[in-house]
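Report on the structure
Spelled out from the first residue to the last, the chains are:
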Amino acid sequence: MNDYKHILLAVDFSKQVNTVAEKAKAIANKHQAKLSIVHVLDNIPMPDAYYGTVISLTENSGDPLLEAEKAKLMAIGEQFSVEVSNQWLLWGIPKQEIIYVAEQQQVDLIVVGSHGRHGIALLLGSTANSILHTAKCDVLAVRLKE
Ligand code: AMP
């Protein structure tokens, strides 16, 4: 098996985010791969942004909601030793923007949770399912139980 070189962890800040992140980190360590993380903002209003806008983590936007989301992403980044330059915050539709970052950054493995904020109503969450069907690289869906 070829080693993975660049792993992208998709985080939605749900309760079980650490379970998914720990798995991604362990695989990255084992393969000596670069680890990046992505969060897609789809739950706060951003009237002036178009889908796919990359939000700077270092410039203060003055918007408390946005700054709170940045802080959550950066806290996970710090916890799992991901450099700020490998942390991605975008505005848009999660399943689309995660694929976009994966392709732009030449990722060879995307790690998602089997479920997220939308619960376990579906056998596989809709974001995870869509990524599994559209990604050009490998996808690992970490099985999460309620
Ligand atoms: P879902 O399909 O929404 O139940 O979520 C399944 C998984 O997709 C989550 O565990 C995350 O890994 C990923 N995901 C869902 N929403 C987002 C988001 N807004 N940003 C980044 N990753 C997400």
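Quantities reported herein were computed from a predicted structural model and do not represent experimental measurements.

Remarks on the environment of Asp108
Mapping Asp108 onto the fold places it in the loop between helix 3 (94-104) and strand 4 (109-113). Residues Asp108 and Leu73 lie 35 residues apart in sequence; the distance between their C-alpha atoms is 21 Å. Beyond its immediate chain neighbours, meaning those up to four positions away, Asp108 contacts Asp3, Tyr4, Lys5, His6, Ile7, Cys137 and Asp138.

Considering the pattern of salt bridges
For the structure shown, the criterion picks out three salt bridges. Here Lys70 makes a salt bridge to Glu67, at a shortest N to O gap of 3.0 Å. Of this pair, Lys70 and Glu67 both sit in helix 2 (residues 64-79), three residues apart, roughly one helical turn. Residue classification places Lys70 among the buried residues on the basis of a relative accessible area of 2%. On the basis of relative accessible area, Glu67 is assigned to the partly exposed category, the value being 24%. For Glu69, the salt bridge is made with Lys72, and the minimal N-O distance between the two is 3.0 Å. Within this pair, Glu69 and its partner Lys72 are both found in helix 2, separated by three residues, close to a single helical turn.

Here is what the cut-offs are and how they apply
- Residues numbered from 1 in each chain as written.
- Predicted model: local features only at pLDDT ≥ 70, side-chain atom pairs only at ≥ 80, totals over all residues.
- Heavy atoms only, no water.
- Helix = DSSP H or I, 4+ residues; strand = E, 2+ residues; numbered from the N terminus.
- Contact = heavy atoms within 4.5 Å.
- Salt bridge = Lys/Arg side-chain N within 4 Å of Asp/Glu carboxyl O.
- Buried < 20%, exposed > 50% of the residue type's maximum accessible area, 1.4 Å probe, protein only.

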